[in-house]
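Structure at a glance
Here's the letter readout for the chains.
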Amino acid sequence: MTTKKKNILFLSVTAAILLLLLLFAILSGRIPMNDEFTVGNTPGNLNNGGYFCEMGGRVYFANAYDNFALYSMNPDETDLVKLNEGSVSSINAAGNYLYYAQVSGGTDAGGIGSAVRMAGIYRSNLKGKSVVGLDRCNIVSMQLCGNYLYYEKYDKQIGTSLSKVRIDKKDRQIVAEAIINPNCYVNGKIYYNGAAEDHYLHALDVSTERDSVVWQGNIWNPIVQDGYVYYMDVSENYRLCRYNLSNNVVEVLTNDRIDMFNVYDNYIYYQVSSSDFPALKRMRTDGSSQELVREGVYQNINITSEYVYFNAFNESTPVYKTYTYGPVNVTTFDAAREAALANLNN
């Protein structure tokens, strides 16, 4: 083979290798799209801060004992792993990625020259690495709706608005300059209560972005599950009710005034607002089997397949827990505290 032919062959092979490397880089940088009905977390968890999110046999959570840094663990609280720094909330998970809101304080990489992350929305892999900022803003609430993150954010210039951004950071835009909580996403629609002109049950179709009134109730924080809308009845002292979407029947689940609630499978956990006997309680979704969980004022009711987590009002720690399905047995989330101490000492 002549020198000229050798050179041509060498250049051809080199070009082919470079082309393959370029193709690999392009393909590896792509974010696989989700099913259009993919949901990032339960609406009940997100209405309570989104501090816990379960997917694929792992629980991703904001560890209150470690300044709400992002951790993961098994549902039975074994194998706790710290994923990254910075205080997080509104945790969503789908496929190979985590999505969350974060205040400033985290970094994109350890060591000298690491970039401090500003407040906003971020995406990472399931190990908390390869962090990508999707929007710099102050988040009120956020839900993964198919391939878009819909998020309620506050801006000094325009106030509160609903925005969206695709999971690959493309197509970021304002959806509505209005107060719209996106946490309840079911079958292609965001269900929310009106906040400005009415408290009706609305549905925002994410494919067309058309808004419609589903029911002219006086409601707050709706959660749609199994054909029912669970909500706080504004006109009746914020008692907890459910509305049947099929036959338009309203059922009163408790006449107690409540501050917040979470629905998970066939249980509802709710905080009773009372000057005499405030308490966290639970009941079945039909209102039966009401029982006391713990006396006092609590918040951030987050539920996984194994445990319900909560903390006292205005006190981030201790974090309390009880079994989701089993008998009430309130203890503290000691595994999270021990993991935080271990990371502090490393």
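Residues numbered from 1 in each chain as written. Predicted model: local features only at pLDDT ≥ 70, side-chain atom pairs only at ≥ 80, totals over all residues. Heavy atoms only, no water.

Considering the confidence of the model for the chain
Note the cut-off: On a scale of 0 to 100, pLDDT captures the predictor's confidence in every residue. Here, residues are in contact when the closest pair of their heavy atoms is within 4.5 Å.
Within the chain, residue pLDDT values average 90, and 88% of them lie at 70 or more. Every residue in residues 20–28 scores below 50 in pLDDT, and together they form 0 contacts with partners more than four places removed in sequence or on other chains. Ignoring residues within four places in sequence, the model shows residues 108–114, a span with pLDDT below 50, making 5 contacts including any to other chains.

Some details on the environment of Asn 92
Counted only if it meets this: The secondary structure listing takes helices from DSSP runs of H or I that are at least 4 residues long and strands from runs of E that are at least 2 residues long, numbered from the N terminus. Accessible area is worked out with a 1.4 Å probe on protein chains only. A residue is then buried under 20% of its type maximum, exposed over 50%, and partly exposed in between. Contacts described as polar in this section are N or O atom pairs within 3.5 Å, which, within protein, must combine one atom able to donate a hydrogen with one able to accept it, while residues neighboring in sequence count only if both atoms come from side chains.
Within the secondary structure, Asn 92 sits in strand S5 (residues 88–94). The class for Asn 92 is buried, based on a relative accessible area of 0%. Placed 52 residues apart in sequence, Asn 92 and Leu 144 show a C-alpha to C-alpha distance of 6.5 Å. In this structure, Asn 92 is in contact with Gly 40, Asn 41, Leu 46, Cys 53, Tyr 97, Leu 98, Tyr 99, Met 142, Gln 143 and Leu 144, ignoring residues within four places of it in sequence. Polar side-chain contacts of Asn 92 include one of 2.9 Å to the backbone nitrogen of Leu 144.

Considering the side chain of Asp 135
As for its position among the elements, Asp 135 is in strand S8 (residues 132–136). Among the polar contacts made by the side chain of Asp 135, one reaches the side chain of Tyr 151 at a distance of 2.6 Å. Excluding its chain neighbours within four sequence positions, the residues that come into contact with Asp 135 are Ala 119, Gly 120, Ile 121, Tyr 151, Lys 153 and Arg 172.

Observations regarding the pattern of salt bridges
Put simply, the rule reads: Salt bridge criterion: a side-chain nitrogen from Lys or Arg within 4 Å of a carboxyl oxygen from Asp or Glu.
Tallying each qualifying case throughout the model produces 13 salt bridges. Note that Asp 66 and Lys 82 form a salt bridge whose closest N and O atoms lie 2.9 Å from each other. Here the residue Asp 66 occupies a position in the loop between strand S2 (58–63) and strand S3 (69–73), and Lys 82 occupies one in strand S4 (residues 81–84), the gap between them amounting to 16 residues. According to the relative accessible area criterion, Asp 66 is buried, its value standing at 16%. Between Glu 291 and Arg 282 there is a salt bridge; the shortest N-O distance is 2.8 Å. Overall, Glu 291 belongs to the partly exposed group, its relative accessible area being 29%.

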